[in-house]
Amino acid sequence: MTNAISIFDTTLRDGTQGEGISLSAEDKIKIALKLDALGVHYIEGGNPGSNGKDIEFFQRAKSLGLRAKLTAFGSTRRKNSLAEQDSSLVRIIESGVPAATLVGKSWDFHVHTALQTTLEENLAMIYDSIGFLKRNGLEAMFDAEHFFDGFKNNPEYALSVLKNAHNAGADWLVLCDTNGGTLPGEIHDIVTRVRQEINAPIGIHTHNDCELAVANSLAAVQAGARQVQGTINGYGERCGNANLCSIIPTLQLKMNYNCVTDQQLQSLTGTARYVSEIANVNMPVGQAYVGNAAFAHKGGIHVSAIMKDSKTYEHIAPELVGNKQRILVSELAGQSNILSKAQELGLDVNANTEKTKDIMNHIKDLEHQGYQFEGADASLELLLREAYGETTELFKVESFKMLVDKTNGHMVSEAIVKISVDGQTVYTAAEGNGPVNALDNALRKALVQFYPEIENFHLSDYKVRVIDEKDATAAKVRVLVESSDFSSTWSTVGVSSNVIEASWEALVDSIRYALLGMSKIEVINESKERLGLVNH
Ligand SMILES: CC(=O)SCCNC(=O)CCNC(=O)[C@H](O)C(C)(C)COP(=O)(O)OP(=O)(O)OC[C@H]1O[C@@H](n2cnc3c(N)ncnc32)[C@H](O)[C@@H]1OP(=O)(O)O
Ligand SMILES: CC(=O)C(=O)O
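Owing to the predicted nature of the structure, the values given are computational and were not obtained by experimental measurement.

Undergrad: When you look at the UniProt feature "domain: Pyruvate carboxyltransferase" (unreviewed entry) in the protein chain in this model, what are you seeing that I'm missing?
TA: Listed under "domain: Pyruvate carboxyltransferase" (unreviewed entry) in the UniProt record, and renumbered for this structure, are residues 5-269. End C-alpha atoms of residues 5-269 are separated by 20 Å, and the span's content is 45% helix alongside 17% strand.

Undergrad: Would you mind showing me how to read the sheet that holds strand β8 (residues 227-230) here?
TA: Paired through their backbone hydrogen bonds, the strands of a sheet run either parallel or antiparallel. The strand order β1-β2-β3-β4-β5-β6-β7-β8 describes a closed barrel built from eight strands, whose pairing is parallel. For this sheet the average axis-to-axis angle between neighbouring strands, irrespective of direction, equals 25°. Direction of pairing for strand β1 (residues 6-9) relative to strand β2 (residues 42-46): parallel, over a ladder of two bridges. Bridging from a neighbouring strand, Phe8 pairs with Tyr42 of β2. Sheet strands in contact with helix α9 (residues 213-222) are β6 (172-177), β7 (202-206) and β8, and its direction is about 170° off that of β7.

Undergrad: Would you mind showing me how to read the packing of aromatic side chains here?
TA: Each aromatic ring pair is characterised by the separation of its centres together with the angle its planes make. Within this structure, the stated rule accounts for nine aromatic pairs. One aromatic cluster is present, formed by Phe147, Phe148 and Phe151 through successive ring pairs. Above the plane of the ring of Phe57 lies Lys28, whose end atom (NZ or CZ) is 5.9 Å from the centre. In this structure, Lys34 packs its charged tip against the face of Tyr274, placed 4.8 Å from the ring centre.

Undergrad: Just to check I follow, could you spell out the sheet that holds strand β14 (residues 458-466) for this structure?
TA: Spatial ordering of the open sheet is given by β14-β15-β16, a layout of three strands whose pairing is antiparallel. Every interior strand has two partners, whereas the edge strands, β14 and β16 (489-496), have only one. On average, each strand axis in the sheet is inclined to that of its neighbour by 20°, with strand direction left out of account. In this sheet, strand β15 (residues 477-484) lies alongside β14 in antiparallel orientation, the contact comprising eight bridges. The residue bridging Val464 from the neighbouring strand is Val479, located in β15.

Undergrad: Even after reading the chapter, I still don't get the nonpolar core, so can you show me in this structure?
TA: Side chains of a nonpolar character, in soluble globular proteins, are inclined to be buried together. By size, the foremost hydrophobic cluster in this structure holds 86 residues, and its most contacted members are Ile43, Ile92, Phe142, Phe147, Leu162, Leu173 and Leu251. Examining the composition of this core, we find that seven residues originate from one element, helix α7 (residues 155-168), more than from any other. Setting aside its immediate chain neighbours within four residues, Leu251 contacts Ile5, Leu218, Val221, Val228, Asn256, Tyr257 and Cys259. In this structure, Leu382, Ala415, Leu447 and Ile500 belong to the second largest nonpolar core, which totals 30 residues.

Undergrad: Can you walk me through empty space enclosed by the protein in this structure?
TA: Rolled over the atoms, a probe with the dimensions of a water molecule shows which regions are left empty. The final tally for this structure, using the stated rule, is one cavity of 30 Å³ or more. Considering only enclosed or pocket space, the largest cavity measures out at about 40 Å³ in volume. As for the largest cavity, its lining consists of Asp440, Arg444, Phe457, His458, Leu459, Ser483, Leu507, Ser510 and Ile511. Every element with two or more residues in the lining of the largest cavity is listed here: α17 (435-447), β14 and α18 (499-515). Residue contributions to the lining of the largest cavity peak at three residues, all from α18. Here the residues of the lining of the largest cavity sort into four nonpolar, three polar and two charged.

The rules behind the values
- Residues numbered from 1 in each chain as written.
- Chains lettered and ligands numbered in written order.
- Predicted model: local features only at pLDDT ≥ 70, side-chain atom pairs only at ≥ 80, totals over all residues.
- Heavy atoms only, no water.
- UniProt positions renumbered as here; feature names shortened; annotations may be inferred.
- Helix = DSSP H or I, 4+ residues; strand = E, 2+ residues; numbered from the N terminus.
- Pairing = 2+ DSSP bridges.
- Axes fitted to C-alpha atoms, helices over the stretch in contact; angles between N-to-C directions.
- Contact = heavy atoms within 4.5 Å.
- Phe/Tyr/Trp six-rings, centres within 6.5 Å; stacked < 30°, edge-to-face > 60°.
- Lys NZ or Arg CZ within 6 Å of the ring centre and 35° of its normal.
- Core = buried A, V, L, I, M, F, W, Y, C linked by side-chain atoms within 4.5 Å.
- Buried < 20%, exposed > 50% of the residue type's maximum accessible area, 1.4 Å probe, protein only.
- 1 Å grid on protein atoms, 1.4 Å probe; cavity = no way out; pocket = protein on both sides within 12 Å on 5 of 7 lines; lining within 4 Å.
- Points joined across faces, edges and corners; volume = space filled by probe spheres on them.
- Nonpolar A, V, L, I, M, F, W, Y, C, P; charged D, E, K, R; others polar.

Printed below as a string of structure tokens:
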């Protein structure tokens with residue numbers, strides 16, 4: 001039996017049935033191109049019988065030159081009607097796709113309850129509809145909805161549905177665990193039974209209601225299924241569909257099946273993140289294979305071993321799926337974490353020096369006070385550079401003042417800052433729509449004459465978290481500031497019992513970081529030259 005697995009992506013159809021996911025035709029085009037580059041074999045673009053957006057997508061997708069087969073989705077004809085006159089089947093043909101997937105009932109309970117028709121009429125609906133696709137020259141996938149529940153309830157009928165679709169010319173019989181309640185052992189047994197009864201290419205389509213969609217898909221493949229349907233990041237109805245970002249690498253790297261090329265596999269992480277951006281859904285950091293923390297090491301004992309050999313705490317090399325190893329520094333760090341991070345930054349380190357231990361203890365102490373460096377890479381970098389003897393103070397803050405005034409119902413925030421650069425002192429004042437915005441504006445106004453590049457980046461996110469809730473309004477707060485330029489983002493942290501002071505600390509770190517050019521190399525050189533830090 002072949003080891004080739006056909007990957008059928010339904011992000012653009014079943015994925016959009018997930019709560020909170022809505023893709024425009026343009027979004028779908030962008031995602032289709034990414035999926036094509038990843039090397040999936042089928043891209044289910046949507047349901048032309050459902051809405052105009054999907055019709056537009058299929059219209060526009062014709063000129064994309066996709067290598068993957070574009071497929072349209074629909075259901076079998078309505079009861080007591082003709083396939084030729086079923087508007088959704090006709091729209092599938094009109095969409096010009098080379099392949100289509102029709103969902104049909106295979107659970108007798110559904111035939112009686114949802115369709116409210118006879119078992120014979122359901123068989124006729126399937127036969128007519130698949131036959132209609134085949135007469136129009138399309139490759140036909142038959143999605144046997146609720147197949148596993150149907151098989152458990154009435155195996156003869158469930159099998160007769162498959163045989164009927166096969167006789168009508170279906171190219172693939174796709175067994176669906178539509179309600180996501182089946183267990184891997186059951187999936188394996190039932191797929192094995194089906195293969196004993198019917199000699200046809202079998203596919204698997206699972207849902208994640210028991211967190212088993214990936215395991216169930218793999219069990220089906222082990223039992224002989226050769227098409228796997230799923231979505232990027234597991235988006236889909238209710239708890240989602242089988243996550244292709246876990247299935248593809250597991251099949252390929254651990255089970256010796258072929259899905260995509262090794263090079264295409266390296267685009268997996270980028271694809272997952274791209275799709276999450278377009279879908280506007282944050283990825284869980286711990287998402288298997290492609291998450292930001294999938295290869296992030298935090299515990300000191302782990303990092304110490306990782307530095308000796310990554311295999312000690314990594315099940316695969318992250319690069320195989322386009323991800324990368326990350327070392328986190330926190331209160332759980334050992335000296336290995338500090339050394340590794342410092343080496344990554346190109347700092348001059350000597351293993352096991354007292355300095356490294358002091359830095360580690362200093363970071364643990366700061367984390368005890370409420371700092372959190374995991375989410376504030378830029379503050380950590382500044383701290384490490386300073387600790388290892390680099391100059392990071394491009395300007396000196398002498399003082400700042402805040403005025404918050406409410407007159408006639410109108411709130412005004414004004415900040416006054418005094419800084420010095422290269423011995424030159426500057427006072428500036430600025431207003432803002434809140435105290436942090438006013439401070440940001442005043443600081444920028446003071447610095448722009450020395451560092452015009454300050455215009456190139458901006459504060460993009462601001463989060464406050466109360467650290468000791470029991471102290472109510474006197475509690476310490478942690479402020480996390482995210483800043484961005486046209487190509488990168490960086491995060492900084494400040495902690496104080498005064499929210500303005502915590503914000504100021506995070507803000508100053510953010511600007512220092514950017515001006516030091518840690519996000520843009522040309523800025524660091526210009527800034528250093530101005531300060532006379534560069535030897536000519
Ligand atoms: C398991 C799955 O994910 S299946 C795909 C589910 N996805 C979607 O439903 C998204 C797209 N759906 C839609 O846009 C709409 O539901 C449409 C256009 C398909 C149908 O809309 P409407 O005609 O208003 O029908 P409505 O959605 O209310 O009900 C579904 C009808 O389809 C029938 N139906 C359900 N499954 C099938 C099937 N496999 N074959 C034929 N008819 C079916 C139902 O019995 C019901 O018919 P009834 O109105 O006579 O009771
Ligand atoms: C076809 C489909 O999406 C399902 O049965 O879950």
